[in-house]
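What the coordinates show
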Amino acid sequence: MKGIPAIEATAVHSNHHTQEIALMPRIAFLVISLIIASARVSAHDGPRPAADTDLHIAPDAVAAVQVLERFSTALAEGDVASAAEFLAPDVLILESGGAEHSRQEYLSGHARHDAEFLKSAGVTLKWRKASASGGLVWVGSESEIRTERNGKPLLIHSTESAILSNTADGWRIVHLHWSSKSDR
């Protein structure tokens, strides 16, 4: 699968289990985007606040966080075209040692895989902080993702950092960085 570094990096192992392990973190990273101001998102349930979510959103960062939330919701609903509207053309997305250097590069393959994964994953936001400086807002989040692999429950601990810029078209995501690890 050209264009998905996590898979390309493990393809030489010809071991299906190794490829599956490499793919899960790559797909799971995007789930972090789903956990904006609402605490729980899944494809079948609407947002549900979690009682233990620790939020620190500066008042001047709220509008940008709402854009990040709309991006996440559109992606979780499989509406990749709508999600794309919230990405700057030159967005930089980093995860699992790989990078996508533009909106077009992300949309050409990886975005659809992320949307498919999100259909069955439950995401619980555990912590979030957002702050603004000039025309930029940064958002940091920690979440838990619950899904299944090989018919068994899987818990993934994820982190996300996002930077949004206030452009002539409104707030746009200019950078995303996802990281995760699973409980073994």
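Note that the structure is a prediction, hence the values are computed from the model and not measured. (Residues numbered from 1 in each chain as written. Predicted model: local features only at pLDDT ≥ 70, side-chain atom pairs only at ≥ 80, totals over all residues. Heavy atoms only, no water.)

We now examine the overall build of the protein. In terms of regular secondary structure, the protein is built from six helices and eight strands. Its helices and strands taken in sequence order, the protein reads α-α-β-β-α-α-β-β-α-α-β-β-β-β from the N to the C terminus. For the protein, with 184 residues in total, the buried portion stands at 45%. Contacts in the protein between residues far apart in sequence, at least 24 positions, make up 60% of those at least 6 positions apart. Accessible surface, the protein as shown: approximately 9100 Å² in total, 53% of it carbon and sulfur. (Helix = DSSP H or I, 4+ residues; strand = E, 2+ residues; numbered from the N terminus. Buried < 20%, exposed > 50% of the residue type's maximum accessible area, 1.4 Å probe, protein only. Contact = heavy atoms within 4.5 Å. Areas by Shrake-Rupley, 256 points an atom, 1.4 Å probe, with all protein chains shown as cover.)

The next subject is the pattern of salt bridges. In total, this model carries three salt bridges according to the counting rule given. We note a salt bridge from Lys119 to Glu116, for which the minimum N-O separation is 3.4 Å. Judged by relative accessible area, Lys119 falls into the partly exposed class, the value being 39%. (Salt bridge = Lys/Arg side-chain N within 4 Å of Asp/Glu carboxyl O.)

The subject of this paragraph is helix H3 (residues 62-76). Counted at 1.5 Å a residue, the expected span for H3 with its 15 residues is 21 Å, and the 21 Å between its end C-alpha atoms agrees. Buried within H3 are the following residues: Ala64, Val65, Val67, Leu68, Phe71, Ser72, Ala74, Leu75 and Ala76. In the stretch just after H3, Gly78 is the one whose phi turns positive, near 80 degrees. (Expected span 1.5 Å × (residues − 1).)

Another aspect to go through is the nonpolar core. Membership of the largest hydrophobic core comes to 35 residues, with the highest contact counts inside it found for Phe71, Leu75, Val139, Leu164, Ile173 and Leu176. At the level of elements, H3, helix H4 (80-84), strand E3 (87-95), helix H6 (110-118), strand E5 (122-133), strand E6 (136-149), strand E7 (152-167) and strand E8 (170-182) are the ones that each hand at least two residues to this core. Considering every element that reaches this core, the biggest residue donor is H3, with eight residues. Apart from residues no more than four positions distant in its own chain, Val139 is found in contact with Val65, Leu68, Arg128, Lys129, Ala130, Glu160, Ser161, Ala162 and Leu164. (Core = buried A, V, L, I, M, F, W, Y, C linked by side-chain atoms within 4.5 Å.)

Summarising the sheet, E3 and E8 pair through five bridges and their orientation is parallel. By the bridge assignment for E8, Glu95 is matched with Trp178. Bridge analysis of E7 against E8 gives twelve bridges, and the strand direction is antiparallel. Each residue of the ladder has a partner; that of Thr167, found in E8, is Gly170. Between E7 and E8, which pair antiparallel and follow one another directly, the connecting turn spans two residues. (Pairing = 2+ DSSP bridges.)

Where strand E2 (residues 54-57) and E5 come together, four bridges link them in parallel fashion. Its bridge partner being in E5, His56 is matched across the sheet by Lys129. Linkage of E5 to E6, two consecutive antiparallel strands, is achieved through a turn of two residues, within which Gly134 is found at a positive phi near 60 degrees.

Phi at Ser96 is positive, roughly 50 degrees, even though this residue is not glycine. Looking at the element boundaries, Ser96 is found in the loop between E3 and strand E4 (98-100). Positive phi, normally seen in glycine, also occurs at Asn150, with a value near 55 degrees. Relative to the assigned elements, Asn150 resides in the loop between E6 and E7. Under the relative-accessibility criterion, Asn150 is labelled exposed at 58%.

A few words on the confidence of the model for the protein. Taken as a whole, the protein shows an average pLDDT of 77; of its residues, 72% reach a score of 70 or greater. For the stretch residues 1-49, pLDDT sits under 50, and the model shows 118 contacts to residues farther than four places along the chain or on other chains. (pLDDT = per-residue confidence, 0-100.)

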